[in-house]
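If you want the building blocks of each chain, they are given just below.
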Amino acid sequence: MTVMKENEIKEVIFGILKRLAPESEPRELAPDENIRKALDIDSFDALNFFVRIDEELGVSVPEADYGKLNTLSEMLAYFSRRLA
Amino acid sequence: MAEFRMPSLGSDMQAGTLIEWRVQQGDRVQRRDVIAVVETDKAAIEIEVYEDGVVESLLVEPGEKVAVGTVMAVIGTEAAKEQAEPTATAAPEVHRGKVSPYARKLAAERGVDLNTVVGTGPDGAICAADIEQAAAAKPSEPEKPAKPAEPAEPSKPAEPPGKDHQAAMRRAIASAMARSKREIPHYYLQTRIDMHRTLAWLASENAQRPIKERILPVVPLIRAVALALGEVPELNGHWIDDQHRISEAMHIGFVIALRQGGLMAPAILHADALSMDELMTALRDLIQRARSGGLRSTEMTDATVTITNLGDLGVETVYGVIYPPQVALVGFGKIIEQPWAEDGMLGVRPVLTATLAADHRATDGHRGAQFLDALNRYLQEPAKL
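With that out of the way, let us pick up the overall build of chain A. Looking only at helices and strands, one finds four helices and zero strands in chain A. When the helices and strands of chain A are listed from N to C terminus, the series reads α-α-α-α. For 84 residues, the compact-globule formula gives about 12 Å, and the C-alpha radius of gyration of chain A, at 12 Å, lands near that figure. Its C-alpha atoms put chain A at 35 × 25 × 20 Å along the principal axes. Looking at chain A as shown, the accessible area adds up to about 4600 Å², and 51% of this sits on carbon and sulfur atoms. Once the 11 positive and 17 negative side-chain charges of chain A are each reduced to a mean point, those two points are 4 Å apart.

On to the environment of B:Gly63. Residues and elements named next belong to chain B. Mapped onto the elements of the fold, Gly-63 is located in the loop between strand S6 (53-58) and strand S7 (65-67). On the basis of relative accessible area, Gly-63 is assigned to the exposed category, the value being 58%. Taking C-alpha positions, Gly-63 is 9.4 Å from Glu-39, a pair spaced 24 residues apart along the chain.

A common way to express how large an interface is: the accessible area buried when the components associate. Counting from both sides, the interface comprises 21 residues of chain A and, opposite them, 16 residues of chain B. At the boundary of chain A with chain B, total buried surface from both sides reaches about 1500 Å², with 52% on carbon and sulfur atoms. When the buried area of chain A at its contact with chain B is split by residue, A:Phe44, A:Leu47 and A:Glu63 rank highest and sum to 42% of it. Joining chain A to chain B, the criterion identifies four salt bridges. For A:Asp42, the salt bridge goes to B:Arg291, with nearest N and O atoms at 2.8 Å. Inspection of the region where chain A meets chain B yields ten residue pairs in polar contact (both at pLDDT 80 or more). Examining the composition of the side of chain A that touches chain B, we find that nine residues originate from one element, helix H3 (residues 43-57) of chain A, more than from any other.

Moving on, we come to the environment of A:Gly15. Relative to the helices and strands, A:Gly15 is located in helix H1 (residues 6-20). As for A:Gly15 and A:Lys37, which are separated by 22 residues in sequence, their C-alpha atoms are 18 Å apart.

As a further point, take the sheet that holds strand S2 (residues 15-21) of chain B. Residues and elements named next belong to chain B. With respect to topology, five strands assemble into an open sheet ordered S7-S2-S4-S5-S16, the strand pairing being mixed. Two strands close off the open sheet at either side, each with one partner strand: S7 and strand S16 (295-296). The pairing of strand S4 (residues 34-39) with strand S5 (residues 44-48) spans five bridges and is classified as antiparallel. Bridge pairing links Ala-36 to Ile-47 in S5.

All right, on to unusual backbone geometry then. Residues and elements named next belong to chain B. Cis rather than trans, the peptide bond between Pro-324 and Pro-325 has omega equal to 0°. As for its position among the elements, Pro-325 is in the loop between strand S17 (305-309) and strand S18 (328-332). Its identity as a non-glycine residue notwithstanding, Arg-32 has a phi of 80°, on the positive side. Within the element layout of this structure, Arg-32 appears in the loop between strand S3 (28-29) and S4. Judged by its relative accessible area of 35%, Arg-32 is partly exposed. Located in the positive-phi region is His-270, a residue other than glycine, with phi close to 50°. Following the sequence through the fold, His-270 ends up in the loop between strand S15 (267-268) and helix H6 (276-292). Take His-270: its relative accessible area is 43%, and that puts it in the partly exposed class.

With 106 residues, the main nonpolar core has A:Ile13, A:Phe79, B:Phe371 and B:Leu375 as its most contacted residues. With nine residues, the single largest contributor to this core is helix H5 (residues 218-231) of chain B. Counting residues in each nonpolar core, the second largest holds seven residues, with B:Ala265, B:Tyr323, B:Leu329 and B:Ala357 among its members.

Residue and element names in this part refer to chain B. Residue position: Asp-194 is located in strand S9 (residues 186-194). With relative accessibility at 2%, the residue Asp-194 sits in the buried group. For Asp-194, the side chain forms a polar contact with the side chain of Arg-349, separated by 2.5 Å. Not counting residues within four places of it along the chain, the set of residues in contact with Asp-194 comprises Trp-340, Glu-342, Arg-349, Pro-350 and Gln-380.

Rules of the game
- Residues numbered from 1 in each chain as written.
- Chains lettered and ligands numbered in written order.
- Predicted model: local features only at pLDDT ≥ 70, side-chain atom pairs only at ≥ 80, totals over all residues.
- Heavy atoms only, no water.
- Helix = DSSP H or I, 4+ residues; strand = E, 2+ residues; numbered from the N terminus.
- Rg over C-alpha atoms; globule rule 2.2 N^0.38 Å.
- Areas by Shrake-Rupley, 256 points an atom, 1.4 Å probe, with all protein chains shown as cover.
- Lys, Arg positive; Asp, Glu negative; His and termini not counted.
- Charge placed at Lys NZ, Arg CZ, Asp CG, Glu CD.
- Buried < 20%, exposed > 50% of the residue type's maximum accessible area, 1.4 Å probe, protein only.
- Contact = heavy atoms within 4.5 Å.
- Buried area = accessible area lost by both parts, 1.4 Å probe.
- Salt bridge = Lys/Arg side-chain N within 4 Å of Asp/Glu carboxyl O.
- Polar contact = N/O pair within 3.5 Å; in protein donor to acceptor, adjacent residues only side chain to side chain.
- Pairing = 2+ DSSP bridges.
- Core = buried A, V, L, I, M, F, W, Y, C linked by side-chain atoms within 4.5 Å.

If you want it as structure tokens, here you go:
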């Protein structure tokens with residue numbers, strides 16, 4: 001089974017964020033920037049984000065972990081760990 | 001035979017532009033079928049027919065902007081029965097001269113006194129065009145009871161739709177909100193609700209569910225509002241023509257902020273009949289369509305009460321503005337960990353501040369307080385929601 005590189009995970013995240021916030025540029029997010037606030041994403045879109053992550057990365061995030069995934073660095077660390 | 005008219009899709013709407021017809025002459029339609037797509041200041045809305053029948057003629061071309069109330073199509077109905085909705089005006093007295101049956105019906109619907117109309121048909125007979133002209137000359141035009149009356153301001157100069165959509169939406173919101181504050185004597189009540197039981201219940205529910213089936217915290221709030229309104233039905237309805245009209249059906253409007261700015265508050269139709277899962281599905285679908293187009297006219301016009309949820313942001317309390325002609329707006333802020341005293345002991349609980357903005361013509365603080373009390377009670381027993 002191939003292990004996804006961090007860059008590939010990043011691309012998936014950017015793709016999903018771009019679809020949720022089409023007028024934004026997710027690539028400009030700083031690694032420790034709060035994504036929800038920066039892109040004005042509400043709880044519905046946040047849930048959609050995790051649904052797409054499940055579909056595209058195959059990682060199902062339990063509700064208890066949502067609060068740990070606020071920034072790009074947190075997400076990359078978490079998803080890399082789950083996909084290792 | 002029934003006329004399909006440009007509906008009013010918002011309390012301030014004056015006109016709409018036909019984008020496209022979804023039917024052709026000769027098509028059979030059923031009640032609630034989408035007949036056309038209409039552009040308003042806020043969005044493109046799919047409008048629905050009110051009865052079964054066959055499309056006899058389409059009278060408006062795509063691209064045309066027409067005033068609310070203009071006949072857009074004629075639908076031939078099988079039974080020659082009148083529309084079920086009662087007219088908002090008294091019937092004018094019988095006119096002695098010649099009036100075509102269609103003109104007579106039109107006059108009754110539009111509240112035009114036949115005695116004041118000059119007939120331009122043969123022998124001075126009054127025909128439909130004469131009624132239209134007389135109706136257009138009237139200062140205000142009451143539509144069916146569920147829909148709001150036209151505002152008293154002079155009509156704005158016509159502007160091509162789609163041009164500066166955002167400014168148009170802002171104007172629409174401004175008009176509705178200004179009207180609300182001008183006409184509705186608001187009173188405000190607030191209560192703090194301990195959410196630990198509901199949140200615990202929600203966490204255990206969601207832990208057992210695949211991600212696609214998880215429920216957001218706002219859903220039990222909507223469900224609790226529906227149940228609480230069952231106990232205080234006076235808050236579910238409208239104030240129209242100096243009368244309080246309590247609605248039998250419960251269509252809960254939900255405020256949705258749009259990414260480009262502005263907001264909409266389409267209705268979750270028959271929200272009281274939906275289970276939590278069904279509410280979540282309905283809400284998700286509504287939000288998606290509000291943001292990408294595809295809302296239906298009944299969703300835009302039929303809300304009997306509205307909920308505004310600012311819980312995603314850092315706002316503790318919402319002091320809302322009621323959407324006329326509704327009589328209530330329920331506001332939810334962010335759930336915040338706060339000190340909580342119970343049984344002589346101090347603890348920390350996730351606390352939600354819920355507010356009720358209500359029309360003082362329709363209800364008094366006592367009933368409003370009973371609503372908030374019921375809301376709180378329901379949220380203390382989440383398993384029963």
